[in-house]
Amino acid sequence: MKKTHPAILKFHGVRGSRPIHHTEMTAYGGNSTCLEIDTGMDLTLVIDGGTGLQHLSGRSADHPKHKKIHILVTHTHWDHVLFLPFLKQLTHPHCDIHIHAPEVDGIPFSDLFEMLFAHGRLPIPRPAIKAKLTFHKLIPGQNFLIEGKIRIDTFQVNHQHTTLGYKISHGESSVAVITDASVISNGNHLGKGMPERATEIGKEAFEKEYGDGLIAFLRGVHSLVFDTHFNAKNIKPDWGHATPEIAIDICARAGIKRLFMFHHAPEDNDCKVALKQMHARSLALKFGIEVINAREEDQWPLISA
Ligand SMILES: [Zn+2]
Ligand SMILES: [Zn+2]
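A.B. asks: Explain the environment of Glu204 to me, using residue names and the numbers behind them.
C.D. replies: Mapped onto the elements of the fold, Glu204 is located in helix H5 (residues 203-218). When the C-alpha atoms of Glu204 and Pro301 are compared, they prove to be 39 Å apart, with 97 residues separating the residues in sequence.

A.B. asks: I'd like a rundown of helix H7 (residues 270-284), residues and numbers included.
C.D. replies: Think of an α-helix as turning once every 3.6 residues; residues three or four places apart then point the same way. Taking 1.5 Å of rise per residue, 15 residues should cover 21 Å, and H7 covers 21 Å from first to last C-alpha, within 8% of that figure. The complete set of buried residues in H7 reads Val273, Lys276, Ala280 and Ala284. Relative to the axis of H7, the buried residues are bounded by an arc of 65° and lie together on one face. Facing away from the buried side of H7 by more than 90 degrees, the exposed set consists of Cys271, Met278 and Ser282. On its buried face, H7 is in contact with helix H6 (244-254), strand E12 (258-262) and strand E13 (290-293).

A.B. asks: Mind laying out the pairing of strand E7 (residues 143-146), listing which residues take part and the relevant values?
C.D. replies: Bridge analysis of E7 against strand E8 (residues 150-156) gives 4 bridges, and the strand direction is antiparallel. Following the sheet pairing, Phe144 is matched in E8 by Ile152. The hairpin formed by E7 and E8 contains 3 residues between the paired strands, and Glu147 there has a positive phi angle of roughly 55°.

A.B. asks: Just give me the short version of the packing of helix H4 (residues 194-201) against H5, but keep the residues and values in it.
C.D. replies: Put simply, H4 and H5 touch, their axes get as near as 6 Å, and they point 125° apart. When the axes of H4 and H5 are compared, the pair comes out oblique. Note that H4 runs across H5; the crossing there is right-handed. Residues Arg197, Ala198 and Ile201 of H4 pack against Lys203, Ala205 and Phe206 of H5.

A.B. asks: Can you lay out the nonpolar core for me, pointing to particular residues and giving the numbers?
C.D. replies: A general tendency of soluble globular proteins is for nonpolar side chains to be buried together. Ranked by internal contacts, the top residues of the largest apolar core, which has 75 residues, are Val175, Leu224, Val225, Phe226, Ala247 and Leu259. What Leu224 contacts, discounting residues up to four positions off in sequence, is Ala176, Leu218, Cys251, Ile256, Leu259 and Phe260.

A.B. asks: Before we move on, can you summarise the environment of Leu116 with the specific residues and values?
C.D. replies: Take Leu116: it is sitting in the loop between helix H3 (109-115) and strand E6 (132-138). Classification of Leu116 as partly exposed rests on a count of 18 C-beta atoms within 10 Å. For the pair Leu116 and Trp78, spaced 38 residues apart in sequence, the C-alpha to C-alpha distance is 9.9 Å. Residue contacts for Leu116: discarding those within four places in its chain leaves Val81, Leu84, Pro85 and Arg121.

A.B. asks: Give me the lowdown on the sheet that holds E12, citing residues and values where you can.
C.D. replies: Taken together, the 7 strands give an open sheet; going across it, the order is E7-E8-E9-E10-E11-E12-E13, and neighbouring strands pair in mixed fashion. Bordering the open sheet on either side are E7 and E13, each of which pairs with just one other strand. Across this sheet, the average inter-strand angle for adjacent strands is 20°, counted without regard to direction. Pairing of strand E11 (residues 223-227) with E12 involves 5 bridges; the strand directions are parallel. Residue pairing across strands places Leu224 opposite Leu259, the latter belonging to E12. This element, H5, spans E8, strand E9 (164-170), strand E10 (173-178) and E11 of the sheet and lies at about 170° to E8. Its contacts with the sheet place H6 against E11 and E12, and it is angled at close to 155° to E12.

A.B. asks: Could you give an account of the environment of Arg281, naming the residues involved and the relevant values?
C.D. replies: For Arg281, the position within the fold is in helix H7. Taking C-alpha positions, Arg281 is 37 Å from Gly58, a pair spaced 223 residues apart along the chain.

A.B. asks: Account for the packing of H6 against H7, with residues named and values stated.
C.D. replies: Two numbers describe how H6 lies on H7: the axes approach to 10 Å, and their chain directions differ by 35°. Seen from above, H6 lies across H7 with right-handed handedness. Here Pro244, Glu245 and Ile248 of H6 lie close against H7, whose contacting residues are Lys276, His279, Ala280, Leu283 and Ala284.

A.B. asks: Lay out the sheet that holds strand E4 (residues 68-72) in plain terms, naming residues and giving numbers.
C.D. replies: Taken together, 7 strands build an open sheet; the order of strands is E6-E5-E4-E3-E2-E1-E14 and the sheet is mixed. Edge positions in the open sheet fall to E6 and strand E14 (299-301), since each of these has one partner strand only. Averaged over all neighbouring strand pairs, the angle between strand axes comes to 20°, with direction disregarded. Where strand E5 (residues 96-102) lies against E6, 7 bridges are found, and the strand directions are parallel.

What counts as what
- Residues numbered from 1 in each chain as written.
- Chains lettered and ligands numbered in written order.
- Predicted model: local features only at pLDDT ≥ 70, side-chain atom pairs only at ≥ 80, totals over all residues.
- Helix = DSSP H or I, 4+ residues; strand = E, 2+ residues; numbered from the N terminus.
- Expected span 1.5 Å × (residues − 1).
- Buried ≥ 20, exposed ≤ 12 C-beta atoms within 10 Å, placed from the backbone.
- Arc of directions from axis to C-beta.
- Contact = placed C-beta atoms within 7 Å.
- Pairing = 2+ DSSP bridges.
- Axes fitted to C-alpha atoms, helices over the stretch in contact; angles between N-to-C directions.
- Parallel < 35°, antiparallel > 145°, perpendicular 65-115°, else oblique.
- Left-handed = near helix turned anticlockwise from the far one by under 90°.
- Core = buried A, V, L, I, M, F, W, Y, C linked by C-beta atoms within 7 Å.

Laid out in structure tokens, this is it:
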């Protein structure tokens, strides 16, 4: 069987909640969430359109790899969509852009996308979108193929509104990306439909269903990019974010051997983020899990050499 090249995971924006710039925050970067999975195919696959997306904006559409763009949106909080209206390829007639996203409380993502251009938001008239732009509505749990070769699986995670975790598989490469998610415990059922489900089957049964479902979703992936916004001391369970301890526990239960800590808090300077990694590595050692801080413009192959 012909082997495919390993996909490459590229971090373009790793900061959560809001972009930040500060002299003490240059080591990991201040742009908000955006990742790219380079499968070697003639397309660009992106997860989220935070300000990190500007690293891709304006790539020449003359190259077939940059003409077709698929963007998987995890959810519509500002830090994950802020750069979408500025993506230069939207104005390029040769570009073919697909945006895959869940609805928000019944509002299609295409409507929310329009709101990003609403009157008074931009200092210039709305730029004409000349690219071929297609919206794909995603339902939690749905899976689909991109160009018949890249498999995308989705899972609704414990975060406000409808927030999707993605699993991307291509050849022997696989990665799961969960940028915003809190562990479910003690009734913090944050996502759309979750309180209703807990009422329907009982709180404990729902929390087990969610936890087991998340582990089953993640089992078998090579690498996990996971929300470690908080730490064990400052976690606020109702804010919809996690800690290194939670991320390591999930990796251990799902048999994942590489964890990228992601969605760094805008309050955490380089020293704090580095210390967090040191602490997480000491916790993960006994499980044989490699822990790496996501850093803007770093690239990682998704299978071992
Ligand atoms: Zn976020
Ligand atoms: Zn969020």
